[in-house]
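Commentary on secondary and tertiary structure
Here is how the chains run, residue by residue.
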Amino acid sequence: MFKKVLIANRGEIALRIIRACHELGVKTVAVYSTADEYSLHVKFADEAVCIGPPAGKDSYLNIPRLIAAGEITNADAVHPGYGFLAESSQFSRICAENDFTFIGPTPYIIDAMGNKSQAKKTMKKAGVPVVPGGEGILSGPEEAQELADEMGYPVMLKASAGGGGRGMRFVDSPDGVERAYNTAFQEALSGFGNGDMYIEKFIENPRHIEVQILGDSHGNIVHLGERECSIQRRHQKLIEESPSPVVDETLRQKLGAAAIAGGKSVNYIGVGTIEFLLDKNNDFYFMEMNTRIQVEHPITEMVTGADLIKQQILMHAGEKIPENLYNIKLQGHSIECRINAEDPNKGFIPSPLKIESYHMPGGKGVRIDSHAYAGYQIPTYYDSLLGKLIVHAKNRNRAINRMQRALEETIIEGPKTTIPYHQAIMANDQFKSGNFDTSFLESFEFNPNEGEDE
Ligand code: MV4
């Protein structure tokens, strides 16, 4: 087992990783920018190293400074968390070259899955259903036009180096192809330094369903069920739940088998997520693979009993997948609400203010993963995630009820937060019915005063 893990991240995930390490008896090194001096990950790690000024490129994205911090503290492994360098093949490689175990995939796997067109080919070859479309990179707008005319509209043009909705265009008629191709190509070129594009048939009103996998270094891979992530706004997830209200045991086995086949085809080690689009006929298609721990991992923990960060660390330390994680049966229902310091009344504009008062809910089946505290000054430099409120209950209705109770107990004064927005969604009949897709929030009308007396 590792003796000391350097956590190349901040915020709630840094704290989450510190907790897992300490339960495993592993020492921790926090790194922080000058904007995070008073952050909880700095306080709770065994050691902390200031790595630079606030801007990401000078601190959490600065590989030489991270490596230097690992060297002076004598760390033997590096956990990248999510975001920042978690899916940088360069960081994975440089960690290994400096004799730190990278608690994440090899550079080869990160690159293979980061190239979305290549990832699709790899999955297809492994027998995983993929969205119908062209094979490989388009030679230019002419080929895009030809293929689109052939497969019929609407289609999606996607940047191979993109992902999460970036460098993506919807096209619903022949006269839109050239323009969409050219703008997406330019966007991809300037955004990712790579203009490779591919084309697929458009899947109407899909659900976003993702499957958690865990692989060990002995050739074994298990799936830990699915997460329903269709409640998103501009490709930012706001609410996730497990199990999905539309996935039954038969579909779960199919999704799980596909995810395992995909993982096996690249000899995946550690935690990973296979994202699928699920259409109205419950047919599913591979979309992307995330080669990191995800924000929403706790809901899977709640319904499986697994500690995903501990397992991730154990897998990279050479352990075998524990017997009890094979053929898992999901227990009860879990929901996560992302509490962001954003104003839902003003287009979710960030609200990075000082937290004047702070009270988190508790009681049975309630979990908070947060780095916030009373008096915390939210830095302006990073994402606005303040924490995650996660509930677990016997079934979906009870989980929604418990989330409503927990949201009601929560007090955060100072910044505006997404809490009132979550309360409105939890009270929404369509959300409660479980009958929704990725377009839900586009038509959701948030009325902040709904249900109030005055
Ligand atoms: C699609 C699609 C429909 N058809 N691809 C958005 C994020 C990126 N990972 C892929 N995305 C989509 N790809 C085809 N062929 C619809 C989306 C999509 C979406 C997917 C998941 C969650 C929310 C979404 C919101 C809008 C569009």
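Note: the structure precedes this text.
Quick summary incoming for the structure in this document. (Residues numbered from 1 in each chain as written. Predicted model: local features only at pLDDT ≥ 70, side-chain atom pairs only at ≥ 80, totals over all residues. Heavy atoms only, no water.)

**Looking at the pattern of salt bridges**
For the record, the criterion: Salt bridges are counted wherever a side-chain nitrogen of Lys or Arg sits within 4 Å of a carboxyl oxygen of Asp or Glu. Numbering of helices and strands runs from the N terminus, with a helix taken as a DSSP run of H or I at least four residues long and a strand as a DSSP run of E at least two residues long. Per-residue accessibility, obtained with a 1.4 Å probe over protein chains only, is compared with the maximum for each type, and a residue is labelled buried under 20%, exposed over 50%, and partly exposed between these values.
Applying the stated criterion across every chain yields a total of 27 salt bridges. In this structure, the salt-bridge partner of Glu-200 is Lys-158, at a minimum N-O distance of 2.9 Å. Taken together, the residues Glu-200 in strand S8 (residues 197–201) and Lys-158 in strand S6 (residues 155–163) connect sequence positions 42 residues apart. For Glu-200, a relative accessible area of 4% translates into the label buried. Where Lys-237 meets Glu-296, a salt bridge forms, and the shortest distance between an N and an O atom there is 2.7 Å. Of the two residues, Lys-237 sits in strand S11 (residues 236–242) while Glu-296 sits in the loop between strand S13 (284–290) and helix H10 (297–304), which places them 59 residues apart along the sequence. Glu-296 gets classed as buried once you look at its relative accessible area, which sits at 1%. Three or more residues are tied together by salt bridges with common partners; here these are Glu-210, Arg-227, Lys-237, Glu-240, Glu-296, Glu-336 and Arg-338.

**Examining the pairing of strand S7 (residues 166–171)**
What counts, and what does not: Pairing between strands is defined by DSSP: at least two bridges between them are needed.
Inspection of the sheet shows S6 paired to S7 by five bridges, in the antiparallel sense. In the strand pairing of S7, Met-156 is matched with Phe-170. Between S6 and the antiparallel strand that follows it, S7, lie two residues; Gly-164 among them carries a positive phi value of about 60 degrees.

**Things to note about the packing of helix H7 (residues 141–151) against helix H8 (residues 177–192)**
Formally: Helix axes are fitted only over the stretch in contact, all axes being lines through C-alpha atoms; the angle between N-to-C directions runs from 0 to 180 degrees. Roughly parallel here means an angle under 35 degrees, roughly antiparallel means over 145, roughly perpendicular means 65 to 115, and every remaining angle is called oblique. Handedness of each helix crossing follows the sense of rotation of the near helix against the far helix: counterclockwise by less than a right angle gives left-handed, clockwise gives right-handed. Here, residues are in contact when the closest pair of their heavy atoms is within 4.5 Å.
As a packed pair, H7 and H8 sit with axes 9 Å apart at the nearest point and diverge in direction by 130 degrees. Overall, the two elements H7 and H8 adopt an arrangement that is oblique. In terms of crossing hand, the pair formed by H7 and H8 is right-handed. Across the interface between the two elements, Pro-141, Ala-144, Gln-145 and Ala-148 from H7 touch Val-177, Glu-178, Tyr-181 and Asn-182 from H8.

**Here's the deal with the nonpolar core**
Side chains of a nonpolar character, in soluble globular proteins, are inclined to be buried together. The line we're drawing: Nonpolar core, defined: a set of buried Ala, Val, Leu, Ile, Met, Phe, Trp, Tyr and Cys residues in which side-chain atoms within 4.5 Å join the residues together.
Judged by nonpolar contacts, the single largest core of 34 residues is most densely connected at Ile-239, Ile-425, Met-426 and Phe-431. At the level of secondary structure, the elements contributing two or more residues to this core comprise S11, strand S14 (333–340), strand S19 (385–393), helix H12 (396–409), helix H13 (419–426) and helix H15 (440–443). Met-426 has contacts with Ile-239, Ile-335, Cys-337, Ile-400, Met-403, Gln-404, Leu-407, Phe-431 and Lys-432, leaving out every residue within four places of it along the chain. In terms of nonpolar packing, the next biggest core, distinct from the first, is built from 33 residues, Ile-7, Ile-18, Val-26 and Val-295 among them.

Geometry only, nothing functional implied.
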